[in-house]
Amino acid sequence: MIIDTHAHLDMEQFRDDLPSVLARARDAGVRYIITIGSDIKSSRAARDIAAAHEEIFFSPGFHPHDVKSATEADYGEMEELLKYPKAVAVGEIGLDYHYDYSPRDTQTEHFKRQLAVAKKVNKPVIIHSREAETETMDIIASAGLPEAGGTLHCFSGGPGMARRALELGMYLSVGGTLTFNNSGALRDVIKTAPIEKLLLETDCPYLAPKPLRGKRNEPSYLKYIAEALAQLKGLSPEDVMRITSLNASLLFGICEPPKDGAIVYPIRDSLYLNITNRCTNACVFCVRNSTDFVKGHNLRIRNEPTAREIISAMERADFTRYREVVFCGYGEPFLRLDVIKEVARAVKARGVKVRINTNGHALLINGDRFMPELKGLIDAVSVSLNFPTEAEYEKYCRPQREGAYKSLKEFVRRAKEYIPEVGVTALAMPGVDIEECQRIAKDELGADLRVRKYDEVG
Ligand code: SF4
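Keep in mind that this is a model prediction, so the values were computed, not measured.

## Topic: the domain arrangement of the chain
Quite often, the size of an interface is put as the accessible area lost when its parts meet.
Consideration 1: Here the chain is described as being made up of domain 1 (2–252) and domain 2 (264–453).
Consideration 2: Between the C-alpha centres of domain 1 and domain 2 there is a distance of 39 Å.
Consideration 3: Partitioned by chemical class, the residues of the side of domain 1 that touches domain 2 number three nonpolar, one polar and two charged.

## Observations regarding helix H2 (residues 40–52)
Consideration 1: Given a rise of 1.5 Å per residue, 13 residues ought to cover 18 Å, and the 19 Å separating the end C-alpha atoms of H2 matches this to within 8%.
Consideration 2: Within H2 the residues assigned to the buried category are Ile40, Ser42, Ser43, Ala46, Arg47, Ile49 and Ala50.
Consideration 3: Here the buried face of H2 lies against strand E2 (30–36), strand E3 (56–59) and helix H3 (72–81).

## Some thoughts on the nonpolar core
Consideration 1: Ranked by internal contacts, the top residues of the largest apolar core, which has 136 residues, are Val174, Ile225, Leu273, Val325 and Val412.
Consideration 2: Taken domain by domain, the makeup of this core includes at least three residues from each of domain 1 (2–252) and domain 2 (264–453).
Consideration 3: Aside from chain neighbours lying at most four places away, what touches leucine 273 is Ile263, Val264, Ile310, Val325, Val326, Phe327, Cys328 and Val343.

## Points about the packing of helix H10 (residues 307–316) against helix H11 (residues 337–349)
Consideration 1: In contact at an axis separation of 9 Å, H10 and H11 are set at 30° when each is read in the N-to-C sense. In this view, H10 runs roughly parallel relative to H11, as classed from their interaxial angle. The handedness of the crossing between H10 and H11 comes out as right-handed. Where H10 abuts H11, its residues Ala307, Ile310 and Ile311 lie against Val339, Glu342, Val343 and Ala346.
Consideration 2: Looking at the contact of H10 with H11 residue by residue, the classes come out as six nonpolar, no polar and one charged.

## Examining the sheet that holds E3
Consideration 1: With parallel pairing, the three strands of this open sheet are ordered in space as E1-E2-E3. Pairing within the sheet leaves two strands with one partner each, and these edge strands are strand E1 (2–7) and E3. Taking each pair of neighbouring strands and ignoring which way they run, the sheet shows an average axis angle of 20°.
Consideration 2: Bridge analysis of E2 against E3 gives four bridges, and the strand direction is parallel. Looking across to E3, one finds that isoleucine 36 is bridged to serine 59.
Consideration 3: Packing of H2 onto the sheet brings it into contact with E2 and E3, and relative to E3 it is tilted by some 160°.

## Let's talk about the pairing of strand E10 (residues 270–273)
Consideration 1: Across four bridges, strand E9 (residues 264–267) lies against E10 in antiparallel orientation. Looking at E10, one finds that isoleucine 267 is bridged to serine 270.
Consideration 2: Where E9 folds back on E10, the antiparallel hairpin that results is connected by two residues, among which arginine 268 adopts a positive phi of roughly 55°.
Consideration 3: Bridge count for E10 against strand E13 (residues 324–327) is four bridges, and the pairing is parallel. Residue pairing in the sheet places serine 270 in a bridge with glutamate 324 of E13.

Each value, and the rule that gives it
- Residues numbered from 1 in each chain as written.
- Predicted model: local features only at pLDDT ≥ 70, side-chain atom pairs only at ≥ 80, totals over all residues.
- Domains from an automatic or database assignment.
- Nonpolar A, V, L, I, M, F, W, Y, C, P; charged D, E, K, R; others polar.
- Helix = DSSP H or I, 4+ residues; strand = E, 2+ residues; numbered from the N terminus.
- Expected span 1.5 Å × (residues − 1).
- Buried ≥ 20, exposed ≤ 12 C-beta atoms within 10 Å, placed from the backbone.
- Contact = placed C-beta atoms within 7 Å.
- Core = buried A, V, L, I, M, F, W, Y, C linked by C-beta atoms within 7 Å.
- Axes fitted to C-alpha atoms, helices over the stretch in contact; angles between N-to-C directions.
- Parallel < 35°, antiparallel > 145°, perpendicular 65-115°, else oblique.
- Left-handed = near helix turned anticlockwise from the far one by under 90°.
- Pairing = 2+ DSSP bridges.

Here it is as structure tokens:
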């Protein structure tokens, strides 16, 4: 499923063939589309299109080009349009200093006024900003966003604008410009933005992505943008579609995010197993503190699955298609050693590689006799060292058991006797001495070190 969060389906370019445009979108996996108003006439038309098609939602608003002609009556009608259940946002609104079709002070006045309308009805805002980065962000910061949040549509700003928007909890929406040859600077910005804060859009009929640049754009071309974003982020196109669809659902309330936690879930070319949500740490930075979702998957399971249930779920996912099966870190897998052994046996029997992501407390949890049982079952283990000192580990990981830091180091040393690939990870948290982590990994533990981004999981 993909969601096109910004289309202009009311425009004359779609007058003759909207049904076939929508059929192609469905065939391309575009499940929902938000069609956007730019003045009162197009907002009304957007409402009518949404009313006629189950998969279409709409957003009324006055584009900065058109605010010069917005009247009091238009604002009254906009508030009426916002009462429709399929009205999911206010926009597009904002500033455009490239064309200056409306005087700048008029743009500012109407931008602030529409932010106030959005706050009143508590719907997210869809913001257009062109050559007005600082002014746009200053107005958002001073006027404030609705509690429902907002997005910068067809994001084309620099790193400063992205940082300010992300600090305000906003989303950045990525369009066809991401695929253009001359968009290197944009790709640099989007590469560092968390995928959990990105949306996909076509902005059709404008800005068709490569390889269709110059043609009329349409929602079915969204897949090219998803592919470009996947390449930039080192994810699969399916990952990008799933994650950005969840993001759009969370922002616009278009559809319910998955309610049940997944037992098995793919990311890139790995199949992850979610066997417990319990852990012997209570890390201050743990993703479980802030969300149930990792890379678009709900991982909050109500009951711990049995080994049989996990194996059945793996088989349904055809796990042999994946490069590896990974016991994941949304909880500590070694709290369920028997399940690890039974499931790993089933995976190895089909010739697939097995990895465990662990906090390294296995010896504290299971005693020190079980390690030989892992031989031949587990191909790789990744242990979260996180910090170079016990004091930092105690402060930020808050282990429930004494001696956890020393024990995880001992686990790494012992694991090398039974597991072919043993690595440790450090956390690129501000102030953490990564060089010292490197030294510990190499000199004390004889293991490779991988540095994990502080704000990225999965
Ligand atoms: S070890 Fe992993 S799962 Fe456990 S609390 Fe820390 S971050 Fe969360």
